[in-house]
2 protein chains.
Amino acid sequence: MSEPVILINGQPATTLSVADRGLQYGDGLFETIPFRHGKLEYLDAHIERLLRGCNRLQIDFTDLALLQHELVTLCAQTAEDAVIKIMITRGSGGRGYKPPLDALPQRIIASHPLPDYPTHYSEGVTVQLCSIRLSSNPLLAGIKHLNRLEQVLARNEWSTDAIAEGLMLDYQDRLVEGTMSNLFLVKDEHLLTPNLNESGIEGIMRQRVIELASVLNMPTEITTLNMDDLYQADEVFLTNSLINIWPVTALSGTNKTWSHGTITQRLQKALSTTDN
Amino acid sequence: MSEPVILINGQPATTLSVADRGLQYGDGLFETIPFRHGKLEYLDAHIERLLRGCNRLQIDFTDLALLQHELVTLCAQTAEDAVIKIMITRGSGGRGYKPPLDALPQRIIASHPLPDYPTHYSEGVTVQLCSIRLSSNPLLAGIKHLNRLEQVLARNEWSTDAIAEGLMLDYQDRLVEGTMSNLFLVKDEHLLTPNLNESGIEGIMRQRVIELASVLNMPTEITTLNMDDLYQADEVFLTNSLINIWPVTALSGTNKTWSHGTITQRLQKALSTTDN
């Protein structure tokens, strides 16, 4: 596995000031973007979400052209397929939690090896239900900020490779998402996915699947879902930018199984034949 | 203002790996401890909370003796009164959110100038009610972890020095704490403070005040409080390790005022005459 190539504000570097508020408070945002076949997939959508997050956190990030230039530089040094991670932090300074007026947002971009899950896409995965729940905060919901302890603790609930992902509920017993993915159910040929108004991350692939479903004339509902809905679903799948679409075929610790059904397959096929 | 002195794992340094999970996910904890008159105040209590946080986040921090030695080293370089901030992160590595089994926790300690609020302690402060709410998660409540976006956004709701602190509600309309302090009410000579089972940080000074109240035979309740309780309180005060006890004398945007009452004064006096 090759070492990651990292650029901080355009310069090769591996370290950041400990005064940076990204470290001090998780005061920043990130994106993980696959670089495959020489292309950053759905880059525009990732950048759009990043800017939406900056806006929500009132981070005055104005160096978009520089960031895009640096992404080109980084990708030019990236020989093979990779994951490009972008972090934008608010920068250093301020008295305690109060963000300084003159904060200088930091741009950190790094290329990492692309994880490889050879059979998950075709054969499906087993998931488990996490005991740790997602807290609700509309102000932080949807965006991909750096406060990720709930995901860290949830992901730490299992160690076996036999489980590919954990599903997370909120404190109202609503199914929200996986630790690193969004969740879709298929019921009576309707596509259902949780609304993310109070918690969760609005995935780029989630949005792409919703768009594809529209093109394919699949009725789609962004709605409230719970464990009963999961049990009664005809098909279940997970999405994120790196994994695309993983069929879910079993819920660990239960007898519940699902097939890799036709709706999931149609969406996988539509995605793979769509230029992004 | 002198530059902060920083030790990372005992070595003078100013930067940390961008791969550190403290930055990537807020995967760590912190403490801020006043160093006054040559002494780290309530050090044992801070260390105890730090270890409780490590335990809760399953961070395998075993270098306590090293940390304590490094604190001595840092304080020896600190000529005047200061704030010592400790951060313990889980370290680098892991595949995504999953913490690596061999993570090497990082010890970051830094001295900063002690903030000076000359009259707040004696004359009291005006607070405002923040519109941003605290989310509830019992697993993250009480400990001083690095996921602090709610506090950052709350603290960003005001800019004037006329307001010293913001009070925060949770989504069940319960009063929880200030952005950087714990909250106490006095009603009919009873001391009341919110329970922090679902959100908030269990402050060292909060615990100290509860202990002092016991010594002074003040009836104390750790309970559920809301805005009505605040309005009906006879006295209101805030605590943290740096500010000790600040009387609250007014709620911004309302006509509500409180006096710097006798119970608050008794606790301030008891605190200032107690060896810590």
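Residues numbered from 1 in each chain as written. Chains lettered and ligands numbered in written order. Predicted model: local features only at pLDDT ≥ 70, side-chain atom pairs only at ≥ 80, totals over all residues. Heavy atoms only, no water.

An unreviewed UniProt entry annotates chain A as Aminodeoxychorismate lyase of Methylophaga marina. Among the UniProt annotations of chain A, the heading Subunit (unreviewed entry) holds the following wording: "Homodimer." Its UniProt record gives chain A the following Catalytic activity (unreviewed entry) comment, quoted word for word: "4-amino-4-deoxychorismate = 4-aminobenzoate + pyruvate + H(+)". (UniProt positions renumbered as here; feature names shortened; annotations may be inferred.)

Caption draft 1: Seen up close, the packing of aromatic side chains. All names here are of chain A. What the rule picks out here adds up to six aromatic pairs over all chains. Considering the side-chain rings of Tyr117 and Trp246, the 4.8 Å spacing of their centres and the 80° angle between planes classify their relative orientation as edge-to-face. Here Tyr117 is found in the loop between β7 (106–113) and α4 (120–123), whereas its partner Trp246 is found in strand β15 (residues 244–251), with 129 residues between them in sequence. Looking at Tyr117, the relative accessible area reads 22%, which means it is partly exposed. On the accessibility criterion, Trp246 (2% relative accessible area) is buried. Ring plane angle 10° and centroid distance 4.9 Å describe the contact between Phe184 and Phe237, whose orientation is recorded as stacked. (Phe/Tyr/Trp six-rings, centres within 6.5 Å; stacked < 30°, edge-to-face > 60°. Helix = DSSP H or I, 4+ residues; strand = E, 2+ residues; numbered from the N terminus. Buried < 20%, exposed > 50% of the residue type's maximum accessible area, 1.4 Å probe, protein only.)

Caption draft 2: Fine view of the pairing of strand β15 (residues 244–251) of chain B. Residue and element names in this part refer to chain B. Counting buried positions along β15 yields eight of eight residues, so the element is predominantly enclosed. Pairing between strand β8 (residues 125–129) and β15: three bridges, direction parallel. If you follow Val125 over to β15, its bridge partner there is Val248. Both strand β14 (residues 235–240) and β15 contribute to a ladder of four bridges, which runs antiparallel. (Pairing = 2+ DSSP bridges.)

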